[in-house]
Amino acid sequence: MSEDIKILISRLGTFRPSDRSVLGRHFDDASTRKVAVDAVKEFVQIWERADWLEAYSIERIGKWIAKYQPSDIVTLFDVWSGSPNSDAKAALKRGIELGRVERLEHA
Amino acid sequence: MSNELNTKFGLPRLPEKVDDWEKGRRPESLSDLDGKLAETLRELDKLAQTKLMRYALRAKSYIWAMDESGKIVVAVEELAMAEPETIYPGYPRRRGLKHPSEDKKLGHPTLVEEKYARIAGELAFDEDENDMLRWVINANSGRYCRQNPPKKEQIDRVAERFRELGVDVVVDYD
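The text that follows walks through the structure, step by step, so that each part is easy to find.

### Points about the environment of Gln-69 of chain A
Residues and elements named next belong to chain A.
Right, so step 1: Tracing the backbone through its elements, the reader meets Gln-69 in the loop between α4 (55-68) and α5 (71-81).
Right, so step 2: Put simply, Gln-69 and Gly-24 are 45 residues apart on the chain and 7.6 Å apart in space, counted from C-alpha to C-alpha.
Right, so step 3: Excluding its chain neighbours within four sequence positions, the residues that come into contact with Gln-69 are Phe-27 and Val-74.

This is the structure:
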């Protein structure tokens, strides 16, 4: 795992406003987008391997992505979480669904 | 009074779940939000502006909850480790660097004896646009606010409780 991904995973762990700003800038920039995508995937996959789950910490990330990120990014994570085969991916999927609803409400 | 609290802060609800390691536990740092705690939070705000304490204070997270009576309690987000794993309880969970799955913690239900809460969330320092640390409050609780998220005005009213005591907080609605 690259240092850049590790740093973003830290940001995903706290997910305060400044953390989200940093993550958002990574999604905005074509040269760093892949790092942000990989960090979110790795964050979820580490939860999949753990012996417990704080689903809400994943759900709020999915919600924020669906609410504020471009549709191609949202679709990417929606497809990736697919027909969820883990509670962690199900949490991401649920967050995306909630975020989509909020985005429509504020459109 | 109860109806007023229901409208202002939300209906009391039980936690969605209580993890095994939380049962019968309460954070060592559990404190009521009153004038004395507000003074401490203001002092921490001052310390957060210093080079010496900035990074240590940013690494900590606090959790808060409002019980059925309208009382707000606050605690450091503590690790769930207890004897015999540790020589003393109350270790703060340091956010960042480690993945959150590495540390089992004492979550919101432990603030209110696993009972009812009207609204609950997190409190932490975060950088503002001028790179200064500010207290930021949210109503993010997977146990109490996930199924029935509070309205913005209900979060604002909690923030107002802090501000009335002189604690300058910024509300994070996401």
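### Details of the pairing of strand β2 (residues 61-67) of chain B
Residue and element names in this part refer to chain B.
Right, so step 1: The buried fraction of β2 amounts to six of the seven residues, a majority that puts the element mostly inside the structure.
Right, so step 2: Two elements, β2 and strand β4 (residues 117-127), share seven bridges in a ladder whose sense is antiparallel. Paired with Ile-63 across the strands is Glu-122, a residue of β4.
Right, so step 3: Of the pairings in the sheet, the one linking β2 to strand β3 (residues 72-76) comprises five bridges and is antiparallel in character.

### Focus: the interface of chain A and chain B
Right, so step 1: Each partner contributes to the interface: chain A provides 18 residues, whereas chain B provides 17 residues.
Right, so step 2: Secondary-structure elements contributing two or more residues to the side of chain A that touches chain B are α1 (3-14), α2 (17-28), α3 (33-49) and α4 of chain A.
Right, so step 3: The element contributing the most residues to the side of chain A that touches chain B is α4 of chain A, with five residues.
Right, so step 4: Of the residues contributing to the side of chain A that touches chain B, the split by class is nine nonpolar, five polar and four charged.

The rules behind the values
- Residues numbered from 1 in each chain as written.
- Chains lettered and ligands numbered in written order.
- Predicted model: local features only at pLDDT ≥ 70, side-chain atom pairs only at ≥ 80, totals over all residues.
- Helix = DSSP H or I, 4+ residues; strand = E, 2+ residues; numbered from the N terminus.
- Contact = placed C-beta atoms within 7 Å.
- Buried ≥ 20, exposed ≤ 12 C-beta atoms within 10 Å, placed from the backbone.
- Pairing = 2+ DSSP bridges.
- Nonpolar A, V, L, I, M, F, W, Y, C, P; charged D, E, K, R; others polar.

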